[in-house]
Structures are given as C-alpha cells and as structure tokens.
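Topology and contacts: notes
What follows is the residue order along each chain.
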Amino acid sequence: MFAFAQFLPALRMLVVLSVLTGVAYPLLVTGVAQLAFPGPANGSLIVAGGKTMGSSLIGQPFDDPKYFWSRPSATSPQPYNAMSSSGSNQGATNPALADSVTARIKALRDADPGNAAPVPVDLVTASGSGLDPHISIAAAAYQAPRVARARGVSIDKVMALVAEHTEGRTLAIIGEPRVNVLELNLALDTAR
C-alpha cells in the first residue's frame, strides 16, 4: 500500500512534466520562432522560380566549371549530409589528409590549367562541420577566371557578382567576410 501511495503522485508528475516539457514548451518555442524569425525557423531555404534550391546554411556540391565550387565536405555517406555533420578529424600529419588535399588541388588545376595562383586553403580542406556553405573572397577570386571563361562573360562582371554577394563579418567583428556559394551560383544563372 505504501508503494502505491507514492506511485500515483509520481505518475501524475510524469504526465504533467511530459506535457509541459514535451508538448507545451516546444510549441511555445516553435511559435515564437515562427513569429520572430520565420526564415531561419524554417531552415533558411532558398527558393528560385517556385522551386526550393537548398538552404543558405548548408553547402552543396558543384563541379561544373561554370559554377563556383564549394568548400569540400567531410560528411558521409554523401557530401553535405546534414544528418551526419562532422569534420574529417584528420590531423596535419595524417597522410590521408595530404592525399585528399593533393587530389583537390589537382582537380582545381585541371579545371583551370592556366591559373597559377596559389589555391586558397578553404577550397582544399573541409570545415569543422563539413557543411559550410561559404567560401572566402580569395577562394571566389581564384575561381572567377574559370567561371567567367565557362560562361563567356567578363571577369569584371563575375567579380561584381562576388562583391554583391559578399557577407561581412558577423556582428562586424566575428569571422571573415565570406561568399555563400549557392546564392552566388543562383545569381550567376539569372545574371544577364
């Protein structure tokens, strides 16, 4: 009888706390997020021509010479897999890292054989999450001649689009200026 007397209040508390923390609180937070930040709350999706092209928060693979290429992804089983965000965890002395960087440099050089400029590090190494949708301004400038040639437009026009899609530092002090690759590639497709 004593155990049963403790069981009912415990069961009531379980139900009450489950409803509060498992239903009411998530609904409240979701509602506030939808009202205050509807874009980010829904995944910061980029829609073009009525079709969802992706998210401004998650990188995508590009390998066509007429597009800017994203930073490499270390996620598996496929690149830019948001379900398995992770870095490669390969240290600077790991031969596998050296091999993958060498292969990425070769792919960039093969895509633009006349470009003798140093390859920016963010084009050959993955970010900590493996999902970074941005590249540095240096990485965009490195790729601009290839993109301009593949599209048959002037390098000045391509660099103007890069400048137009450059995001500043977060809160004016955190990080470096960067370019969202998906947004820039969509702008290239719609530029005249």
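Residues numbered from 1 in each chain as written. Predicted model: local features only at pLDDT ≥ 70, side-chain atom pairs only at ≥ 80, totals over all residues. Heavy atoms only, no water.

Comments concerning the layout of surface pockets
A volume near 270 Å³ is recorded for the largest pocket. Along its surface, the largest pocket is lined by 14 residues, and F62, W69, S70, P72 and L123 are the ones closest to its centre. Its residues assigned to classes, the lining of the largest pocket comprises nine nonpolar, two polar and three charged. (1 Å grid on protein atoms, 1.4 Å probe; cavity = no way out; pocket = protein on both sides within 12 Å on 5 of 7 lines; lining within 4 Å. Points joined across faces, edges and corners; volume = space filled by probe spheres on them. Nonpolar A, V, L, I, M, F, W, Y, C, P; charged D, E, K, R; others polar.)

Things to note about helix α3 (residues 95–111)
Look at α3: 24 Å from first C-alpha to last across 17 residues, which is about the 24 Å you get at 1.5 Å a residue. Inspection of α3 places L97, V101 and L108 among the buried residues, and these make up the whole buried set. Taken end-on, α3 shows its buried residues confined to a sector of 30 degrees, consistent with a single buried face. Exposed side chains of α3 directed beyond 90 degrees from the buried face belong to P95, D99 and T102. Its side-chain oxygen 2.8 Å from the backbone nitrogen of A96, N94 forms the N-cap of α3. (Helix = DSSP H or I, 4+ residues; strand = E, 2+ residues; numbered from the N terminus. Expected span 1.5 Å × (residues − 1). Buried < 20%, exposed > 50% of the residue type's maximum accessible area, 1.4 Å probe, protein only. Arc of directions from axis to C-beta. Polar contact = N/O pair within 3.5 Å; in protein donor to acceptor, adjacent residues only side chain to side chain.)

Let's talk about the pairing of strand β1 (residues 45–48)
Note that β1 and strand β2 (residues 51–55) share four bridges and pair antiparallel. The partner of A48 across the bridge, within β2, is K51. In this structure, the hairpin formed by β1 and β2 is closed by a connection of two residues, where G49 is found at a positive phi of approximately 60 degrees. (Pairing = 2+ DSSP bridges.)

Let's talk about the packing of helix α4 (residues 137–151) against helix α5 (residues 155–164)
It is the contact of α4 with α5, at a shortest axis distance of 9 Å, that shows an interaxial angle of 135 degrees. In terms of axis orientation, α4 runs oblique to α5. In this structure, α4 meets α5 at a crossing whose hand is right-handed. Contact residues: α4 offers A140, A141, A144, P145, V147 and A148, while α5 offers I155, V158, M159 and V162. (Axes fitted to C-alpha atoms, helices over the stretch in contact; angles between N-to-C directions. Parallel < 35°, antiparallel > 145°, perpendicular 65-115°, else oblique. Left-handed = near helix turned anticlockwise from the far one by under 90°. Contact = heavy atoms within 4.5 Å.)

So, the confidence of the model for the protein
For the protein, the mean per-residue pLDDT works out to 89, and 99% of the residues sit at or above 70. No element of the protein has a lower mean pLDDT than β1, at 86, and none a higher one than α4, at 96. (pLDDT = per-residue confidence, 0-100.)

Description of the packing of aromatic side chains
Enumeration according to the criterion identifies one aromatic pair in this entry. With centroids separated by 5.6 Å and ring planes inclined at 40 degrees, the aromatic side chains of F62 and Y67 adopt a geometry described as tilted. Taking the ring centre of W69 as reference, the NZ or CZ of R146 above it sits at 4.2 Å. Its guanidinium or amino end placed over the ring of Y67, R151 lies 5.0 Å from that ring's centre, counting from NZ or CZ. (Phe/Tyr/Trp six-rings, centres within 6.5 Å; stacked < 30°, edge-to-face > 60°. Lys NZ or Arg CZ within 6 Å of the ring centre and 35° of its normal.)

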